[in-house]
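So the chains spell out like this:
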Amino acid sequence: MAETPTLLRVLTLRRHWQVYDTFRLRFEATASSIAEHENDPRLRGLSVSKRQFERWYGGAVKTRPYPDQCRVLEAMFDVGVDLLLAPAPQAASPTAPAADPPLVVPPPRPAPVLLPTEQAAALPVGGPFSSEPRFDAGTTELERQVAMAARRALRFTAMAEGSSIGPETLGQIHDEVRRLTAAYPRLALPTLLGDLVEVQDLTFRLLEHGRVKPLQARELYLLAGITSGMLAKASHDLGNPSAAMMQARTAFVCADNADHHAMRAWVRSLQSLISYWAGRPAEAADYATLGQNVAGNVRGTTGVWLACLSARAHALIGDADATRTAIQQAEDARAAVEPDDLDAFGGIMTFPVPRQLYYVAEATVHLGDEPALGETRSEAAVTAYRDAAEDEWAFGDEAGAQTDLALARIARGEIEGAIEAVRPVLDLPIEQRNFGITSSAQRVHAALHADGRRSGGVAADLREEIEAFTATPTSVLVR
């Protein structure tokens, strides 16, 4: 007979906290909350190791936790620690007969959504143009003073240049936008969102108040468009396609006012991406076509992105011929690439080779008529991201390539291989679990569920872990 699980294990499963990182974040948030409300600084930063969590979760506890750990556990579950570590009542056991009365356990105490201490220190507390700039956990006091002085100088420059924006202010805004475009694919959204909002606000205020000389308006509209585009992507990453499309339309208006063909095409690419992940592949294909129509003689990497977006959308629709045509168009566009001013921004504004390999792999996996080719292309994409230069790496796209590899292996009946492929994704911290990543993980869940022959064993364990992973997305951190 199987050993009765502890009450802690049962309640952890009920709350979907059974993944270590999820449990750790909840433990640290609760410890910080107690430290604040009880004015007990000893609890601030208190954490739990993976080994200790596994001992608690598995029931292999021979001694009582330390007193401070007991305080946190009791606050997390509203149950005394002795009860938590004892065998759960029979009715609480997952294998208990359905006729047994349910275990009555108080609901979990509401806890503030916080990041661990070292991550919280890097979250936005102000903006690049406010008196409270952002800092990393290791920033020294002198570095803080220098950063604050730099931002204060920018605000003064924008004011001092008088009735029209001057070259110094425009140059500093340009540098800030370049920093954000380069950082977006590599850093978690909570560390960037506040900066994006404030840069957009500054560019809008300067344009609305008529403080721009005609020769400078085009560049400022371009910067406003890029920032609005990044906020469209941010809205998408938080699972809000309506807000994402609203920001994207604003970005397109800015591109029009800048009369920038490549930016128009880039925004259409973004709208295709938003539609694709919103479950509207036909609309995604239409936006990709619109982008190709406005691109004209654009030779930057946006043309490659448009073709790859078309391939993914048509694959989801099930149009194999259109998919393969678009993949070939992407290869032709790559061969003809001449980097433009958008590519010069780097990061989210360019479309490097690893990302192309990822999109092609995903399109092939979606078609499903060549499982071996889908696996080969997915492996190539995963390898490309593993070996990518810093300016070509993106945690979201790497995760997408890994989930595609898992899907390809499931199609070939290789469940153990699928688990290996998706493991790095399920280990991502909450701040990196954006909408695209959680949606990709849900595709793996659906693929496992679709085949009844794989409903038990390791496949069932993987489905359960994916459910826990997707239950706590990035959006909970920025409400």
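Everything numeric here is computed off the predicted structure, so don't read it as measured data. (Residues numbered from 1 in each chain as written. Predicted model: local features only at pLDDT ≥ 70, side-chain atom pairs only at ≥ 80, totals over all residues. Heavy atoms only, no water.)

Take the overall build of the protein chain next. Of the regular secondary structure elements, the protein chain holds 22 helices and zero strands. Across the 479 residues in the protein chain, those meeting the buried criterion constitute 52%. Put simply, 69% of the contacts in the protein chain that link residues at least 6 apart link residues at least 24 apart. When the accessible surface of the protein chain is split by element, carbon and sulfur atoms take 53% of a total near 21600 Å². (Helix = DSSP H or I, 4+ residues; strand = E, 2+ residues; numbered from the N terminus. Buried < 20%, exposed > 50% of the residue type's maximum accessible area, 1.4 Å probe, protein only. Contact = heavy atoms within 4.5 Å. Areas by Shrake-Rupley, 256 points an atom, 1.4 Å probe, with all protein chains shown as cover.)

The subject of this paragraph is the nonpolar core. Within the largest apolar cluster, 93 residues are counted, with the highest numbers of intra-cluster contacts made by I226, M263 and W266. The contacts of W266, once residues within four sequence positions are left out, are G229, T302, W305, L342, I348 and M349. (Core = buried A, V, L, I, M, F, W, Y, C linked by side-chain atoms within 4.5 Å.)

Below, the discussion takes up unusual backbone geometry. Leaving glycine aside, a negative phi is the common case for residues, and trans is the common case for peptide bonds. One non-glycine residue, H16, lies in positive phi territory at about 60°. Summarising the element assignment, H16 is placed in the loop between α1 (7-14) and α2 (20-37).

Turning next to the pattern of salt bridges. Opposite charge on two side chains makes pairing possible when the charged atoms of those side chains draw close. In this structure the tally under the stated criterion is 24 salt bridges. Between R186 and E390 there is a salt bridge whose closest N-O contact spans 3.8 Å. In this pair, R186 is assigned in the loop between α8 (167-183) and α9 (193-208) and E390 in the loop between α18 (371-386) and α19 (395-411), connecting sequence segments 204 residues apart. Residue classification places R186 among the partly exposed positions, given a relative accessible area of 25%. Here D369 makes a salt bridge to R324, at a shortest N to O gap of 2.6 Å. Of this pair, D369 sits in the loop between α17 (353-367) and α18 while R324 sits in helix α15 (residues 320-335); the two residues are 45 residues apart in sequence, bridging distant segments of the chain. A relative accessible area of 43% means that D369 is categorised as partly exposed. One salt-bridge network, held together by shared partners, links E375, E379, R409, R412 and E414. (Salt bridge = Lys/Arg side-chain N within 4 Å of Asp/Glu carboxyl O.)

The next subject is the packing of helix α12 (residues 261-277) against helix α14 (residues 302-317). With their axes 10 Å apart at the nearest point, α12 and α14 run at an angle of 25° to one another. In terms of orientation, α12 lies roughly parallel with respect to α14. As α12 runs across α14, the sense of the crossing is left-handed. Facing α12, whose interface residues are A262, A265, W266, S269, L270, S272, L273, Y276 and W277, α14 presents T302, W305, L306, L309, R312, A313 and L316. (Axes fitted to C-alpha atoms, helices over the stretch in contact; angles between N-to-C directions. Parallel < 35°, antiparallel > 145°, perpendicular 65-115°, else oblique. Left-handed = near helix turned anticlockwise from the far one by under 90°.)

As a further point, take α8. Between its first and last C-alpha atoms α8 spans 24 Å; for 17 residues at 1.5 Å apiece the expected length is 24 Å, and the two agree. Looking at α8, one finds that the buried residues are T169, L170, I173, H174, E176, V177, L180, T181 and A183. (Expected span 1.5 Å × (residues − 1).)

By the secondary structure assignment, T203 is in helix α9. Taking the relative accessible area as the measure of exposure, T203 reaches 0% and is therefore buried. If near-sequence neighbours (up to four positions away) are discounted, T203 is found in contact with I173, L220 and A224.

By the element assignment, D404 lies in helix α19. Taking the C-alpha atoms as reference points, D404 and S378, separated by 26 residues in sequence, lie 6.1 Å from one another. Discounting residues that sit within four places of it in the chain, D404 has contacts with Y358, A361, E362, V365 and S378.

For α9, spanning 16 residues, the distance from its first C-alpha to its last is 22 Å, which sits close to the expected 22 Å at 1.5 Å a residue. Those residues of α9 lying buried are L193, G194, D195, L196, V199, Q200, L202, T203, L206 and L207. Contacts made by the buried residues of α9 are with α8, α10 (214-237) and α11 (241-258).

Regions with low pLDDT carry predicted coordinates that are not meant to be interpreted in detail. Overall, the predicted model of the protein chain reaches an average pLDDT of 83, with 81% of residues at or above 70. Note on residues 91-140: pLDDT is under 50 here. Beyond four places in sequence and across chains, it has 107 contacts. (pLDDT = per-residue confidence, 0-100.)

Our next topic: the packing of aromatic side chains. Each aromatic ring pair is characterised by the separation of its centres together with the angle its planes make. On inspection of all chains with the given rule, the structure shows eleven aromatic pairs. A ring pair is formed by F53 and Y57, whose centres lie 5.6 Å apart and whose planes are at 25°; its orientation type is stacked. With a gap of four residues between them, F53 and Y57 both fall in helix α3 (residues 50-58), about one helical turn apart. F53 gets classed as buried once you look at its relative accessible area, which sits at 3%. Classification of Y57 as buried rests on a relative accessible area of 13%. Geometry around W17 places R15 over its ring, the cationic atom sitting 5.9 Å from the centre. In this structure, R312 packs its charged tip against the face of Y359, placed 3.8 Å from the ring centre. (Phe/Tyr/Trp six-rings, centres within 6.5 Å; stacked < 30°, edge-to-face > 60°. Lys NZ or Arg CZ within 6 Å of the ring centre and 35° of its normal.)

Let's shift gears to the packing of helix α20 (residues 415-426) against helix α22 (residues 457-470). Between α20 and α22, whose axes approach to 11 Å, the crossing angle comes to 20°. Judged on the interaxial angle alone, α22 and α20 are roughly parallel. Every pair of crossing elements has a handedness; the one defined by α20 and α22 is left-handed. Of α22, the residues touching α20 (which contributes I415, E416, I419, V422, R423, V425 and L426) are V458, A459, L462, E465, I466 and F469. The residue makeup of the contact of α20 with α22, split by class, is ten nonpolar, no polar and three charged. (Nonpolar A, V, L, I, M, F, W, Y, C, P; charged D, E, K, R; others polar.)

Here M263 lies in helix α12. Separated by 86 residues in the primary sequence, M263 and M349 have C-alpha atoms spaced 9.4 Å apart. Not counting chain neighbours up to four residues away, the residues in contact with M263 comprise L222, G225, I226, A255, L342 and M349.

What follows concerns the side chain of K233. Of note, K233 is situated in helix α10. If we skip the residues at most four places from it in the chain, K233 touches Y184, L270, L273 and I348.

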